[in-house]
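Here is what each chain is made of, one letter per residue.
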Amino acid sequence: MKKTITVRGITLGEGAPKICVPLVGTTLAELMEEARYIDTIDADLVEWRVDFFNHVEQIEKVKEALSEIRILLKNKPLIFTFRSAKEGGEKEISLTDYLELNKRIAETGLVDMIDVELFNEESTVKSLIEFAQAHNVLVILSNHDFEKTPPKEEIIARLQKAQKLGGDLPKIAVMPKSPADVLTLLDATNTMNEQHADRPFITMSMAGKGVISRLAGELFGSALTFGAAKKSSAPGQIDVNELRKVLSLLHNNL
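Residues numbered from 1 in each chain as written. Predicted model: local features only at pLDDT ≥ 70, side-chain atom pairs only at ≥ 80, totals over all residues. Heavy atoms only, no water.

**Let's talk about the nonpolar core**
Leu23, Trp48, Val50, Phe80, Leu101 and Ile114 are the most contacted members of the largest nonpolar core, which has 48 residues in total. Counting residues per element, this core draws most heavily on helix α2 (residues 59-73), which supplies six residues. Apart from residues lying up to four places away in sequence, Val50 is in contact with Val56, Val62, Phe80, Thr81, Phe82 and Leu101. Counting 18 residues, the second largest nonpolar core, distinct from the first, contains Leu169, Met175, Met204 and Met206. (Core = buried A, V, L, I, M, F, W, Y, C linked by side-chain atoms within 4.5 Å. Buried < 20%, exposed > 50% of the residue type's maximum accessible area, 1.4 Å probe, protein only. Helix = DSSP H or I, 4+ residues; strand = E, 2+ residues; numbered from the N terminus. Contact = heavy atoms within 4.5 Å.)

Next comes the structure, spelled out in structure tokens:
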């Protein structure tokens, strides 16, 4: 039986997909402005995309900013994500620095989840998962393909690998080039949900063609969707208020 995950009163893996919005400020002032705004909207979780932050390579400045963000977001679940350039992020740092950044943040007690990229060295991935979970921080084990949509079997294989490695929330995001690609992603999501998943997971097809995948998670099996607050962090994110309306409409008719 597939388990659920509850973080600060938000349960992933049951009911309508929960909505996560990004913090993408480059300065502390921008982050504060975004965080104040997010506190006023109907979002369930917040993801700090720290690769946008100008001082991301100075861990003490990251921790100082995180302390301020945590105060403003009160009790909202917070995901800490350094998205590498190779997976659509803003910067590239060394694997050593990536490991150190995530470990130092996990041990602060100020974040609820960290996002770890699946296609790092397996030893690094395992080390980060073990360290984070030892500090009561959950791990989203993710993969992003901004070039294409892999075959159904490959999508499922990546999600299964993330699950096997111990990620609390396996995640995959892919780029569609046709409506058929979106169907591939949804079909893979449905099969993963019905045949393989023992925990919540996240899937999405990006850009305009893939918007339907951000809405239909409750039907096909994706536990979390990403919407835009002041700014989006990936192609295809739609306004959080519009997203909530559609998710509620679908939920009430299932």
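**Concerning the packing of aromatic side chains**
Inspection of the entire model under this criterion finds three aromatic pairs. For the ring pair Trp48 and Phe80, a centre distance of 5.8 Å and an interplane angle of 80 degrees mean the geometry is edge-to-face. Residue Trp48 is found in strand β4 (residues 45-49), and its partner Phe80 is found in strand β5 (residues 78-81); the two are separated by 32 residues along the sequence. Both residues of the pair, Trp48 and Phe80, belong to the buried class. Pairwise contacts between aromatic rings join Trp48, Phe53 and Phe80 into one cluster. (Phe/Tyr/Trp six-rings, centres within 6.5 Å; stacked < 30°, edge-to-face > 60°.)

**Some details on the packing of helix α1 (residues 28-38) against α2**
Packing of α1 against α2 brings their axes to within 9 Å, and their N-to-C directions diverge by 20 degrees. As the angle between them shows, α1 and α2 are arranged roughly parallel. Considering how the two elements wind past one another, α1 and α2 form a crossing that is right-handed. Facing α1, whose interface residues are Leu28, Leu31, Met32, Ala35, Arg36 and Ile38, α2 presents Ala65, Glu68, Ile69, Leu72 and Leu73. Here the residues of the contact of α1 with α2 sort into nine nonpolar, no polar and two charged. (Axes fitted to C-alpha atoms, helices over the stretch in contact; angles between N-to-C directions. Parallel < 35°, antiparallel > 145°, perpendicular 65-115°, else oblique. Left-handed = near helix turned anticlockwise from the far one by under 90°. Nonpolar A, V, L, I, M, F, W, Y, C, P; charged D, E, K, R; others polar.)

**As for the side chain of Lys103**
Tracing the chain through its elements places Lys103 in helix α3 (residues 95-106). Notably, Lys103 is buried but unbridged: the nearest opposite-charge side chain belongs to Glu100, and the N-O separation is 6.7 Å. Of the polar contacts made by the side chain of Lys103, one reaches the side chain of Ser127; its length is 3.2 Å. Residues within four places of Lys103 in sequence aside, it is in contact with Ser127, Leu128 and Phe131. (Lys, Arg positive; Asp, Glu negative; His and termini not counted. Salt bridge = Lys/Arg side-chain N within 4 Å of Asp/Glu carboxyl O. Polar contact = N/O pair within 3.5 Å; in protein donor to acceptor, adjacent residues only side chain to side chain.)

**Focus: the UniProt feature "binding site: 3-dehydroquinate" (unreviewed entry) in the chain**
Under the local residue numbering, the UniProt record ascribes the feature "binding site: 3-dehydroquinate" (unreviewed entry) to Glu47, Trp48, Arg49, Arg83, Arg214, Ser233 and Gln237. Its place among the elements puts Arg214 in helix α7 (residues 211-215). In this structure Arg214 comes out as buried when scored by relative accessible area, which is 2%. (UniProt positions renumbered as here; feature names shortened; annotations may be inferred.)

**Notes on the pairing of strand β9 (residues 202-205)**
Side chains of β9 alternate between two faces, with Ile202 and Met204 and Thr203 and Ser205 buried alike. In this fold, the crossover linking strand β8 (residues 169-174) to β9 by way of helix α6 (residues 179-196) has right-handed handedness. (Right-handed = clockwise from strand over helix to strand, strands pointing away.)

**Some thoughts on α3**
Over its twelve residues, α3 runs 16 Å from end to end, which matches the ideal 16 Å to within 8%, given 1.5 Å per residue. Taken residue by residue, α3 has Tyr98, Leu101, Asn102, Lys103, Ile105 and Ala106 as its buried positions. Here the buried face of α3 lies against α2, β5, β6 (113-117) and α4 (122-134). (Expected span 1.5 Å × (residues − 1).)

**Things to note about the sheet that holds β8**
On the basis of which strands lie adjacent, the open sheet formed by eight strands has the order β9-β8-β7-β6-β5-β4-β3-β10 and parallel pairing. Here the strands that pair on one side only, and so sit at the sheet edges, are β9 and β10 (224-226). Direction aside, the axes of adjacent strands within the sheet are offset by 25 degrees on average. Alignment of strand β3 (residues 18-23) against β10, held across three bridges, turns out to be parallel. Residue pairing in the sheet places Cys20 in a bridge with Phe226 of β10. Most of the contacts of α1 go to β3, to which it runs at about 160 degrees, and overall it touches β3 and β4. Contacting β5 and β6, α3 runs over the sheet at an angle of about 165 degrees to β6. (Pairing = 2+ DSSP bridges.)

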